[in-house]
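Observations on chain architecture
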Amino acid sequence: MVLEIDFNSDEAIYMQLRNQIILAIATDEIKEGDSLPSVRRMADNVGVNMHTVNKAYSVLRQEGFLKLDRRHGAIIALDIDKLRALDEMKFEMKVILAKAICKNITEEEAHEIVNEIYNEFR
């Protein structure tokens, strides 16, 4: 898995890591049960502070994407709580769709974007 960090981005580095790991899971680049590099190794590979990687891993754990094990490190372990995932998705999409409405993006345009993104993962 190759992670690319944009150090000039307004998005926090730990969120960039989180997002790229989620994308890698969605595209089957990494799968349930796969191990992520140790915090130290990931920090060295990406060129960031260990605390940044630790924060990204912690967020992914809280969100149900991985479990942290002292012996085996960070393991992809998807949370099967679909109702919770749907609630989180609805909350996050409310803000995204509110921004879209403010920018005069139509419902049809939003649906087209969602369909396009889903097709990218197939």
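As a starting point, this report considers the structure included with it. Remember, it's a predicted structure, so these values are computed and weren't measured experimentally.

Let us now look at unusual backbone geometry. Both trends apply: most residues other than glycine have a negative phi, and most peptide bonds are in trans. Even without being glycine, Asp28 reaches a positive phi, approximately 65°. Looking at the secondary structure, you find Asp28 in the loop between α1 (13-26) and α2 (39-46). The backbone of Asn104 sits at a positive phi, close to 60°, despite the residue not being glycine. In this structure, Asn104 sits in the loop between α4 (82-102) and α5 (107-120). The exposure class assigned to Asn104 is exposed, which follows from its relative accessible area of 68%.

At a minimum axis separation of 8 Å, α2 and helix α3 (residues 50-62) run at an interaxial angle of 115°. Our pair here, α2 against α3, has a crossing hand that is right-handed. The segment α2 lies against α3, with Val39, Arg40, Met42 and Ala43 engaging Met50, Val53, Asn54 and Tyr57. Class assignment for the residues of the contact of α2 with α3 results in 6 nonpolar, 1 polar and 1 charged.

Let us now look at the nonpolar core. In this structure, Leu17, Ile21, Ile30, Leu36, Val46, Val53 and Tyr57 are the most contacted members of the largest nonpolar core, which totals 19 residues. Where this core is concerned, the elements lending two or more residues are α1, α2, α3 and β2 (73-76). Other than its neighbours up to four places away in sequence, Ile21 contacts Met1, Ile30, Leu36, Tyr57 and Leu60.

This part is about the pattern of salt bridges. Side chains bearing opposite charge may pair, as long as their charged atoms lie close to each other. This model, assessed by the stated rule, comprises 2 salt bridges. As a salt-bridge pair, Glu63 and Arg18 come within 2.9 Å of each other at their nearest N and O atoms. Taken together, the positions of Glu63 in the loop between α3 and β1 (66-69) and Arg18 in helix α1 put the pair 45 residues apart, joining distant regions of the chain. Using a relative accessible area of 11% as the deciding quantity, one classes Arg18 as buried. Residue Glu88 is joined to Arg84 by a salt bridge in which the shortest nitrogen-to-oxygen separation is 3.1 Å. Linking Glu88 with Arg84, this pair stays in helix α4, spanning 4 residues, or about one helical turn.

Attention now moves to a nonpolar patch on the surface. On the surface, a nonpolar cluster with roughly 480 Å² of combined accessible area is contributed by Leu83, Leu86, Met89, Val114 and Tyr118. Elements that contribute at least two residues to the nonpolar patch include exactly α4 and α5. On the accessibility criterion, Leu86 (41% relative accessible area) is partly exposed.

So, how was this worked out
Residues numbered from 1 in each chain as written. Predicted model: local features only at pLDDT ≥ 70, side-chain atom pairs only at ≥ 80, totals over all residues. Heavy atoms only, no water. Helix = DSSP H or I, 4+ residues; strand = E, 2+ residues; numbered from the N terminus. Buried < 20%, exposed > 50% of the residue type's maximum accessible area, 1.4 Å probe, protein only. Axes fitted to C-alpha atoms, helices over the stretch in contact; angles between N-to-C directions. Left-handed = near helix turned anticlockwise from the far one by under 90°. Contact = heavy atoms within 4.5 Å. Nonpolar A, V, L, I, M, F, W, Y, C, P; charged D, E, K, R; others polar. Core = buried A, V, L, I, M, F, W, Y, C linked by side-chain atoms within 4.5 Å. Salt bridge = Lys/Arg side-chain N within 4 Å of Asp/Glu carboxyl O. Patch = residues over 30% accessible without salt bridge, like charges linked within 9 Å, V, L, I, M, F, W, Y side chains within 5 Å. Areas by Shrake-Rupley, 256 points an atom, 1.4 Å probe, with all protein chains shown as cover.

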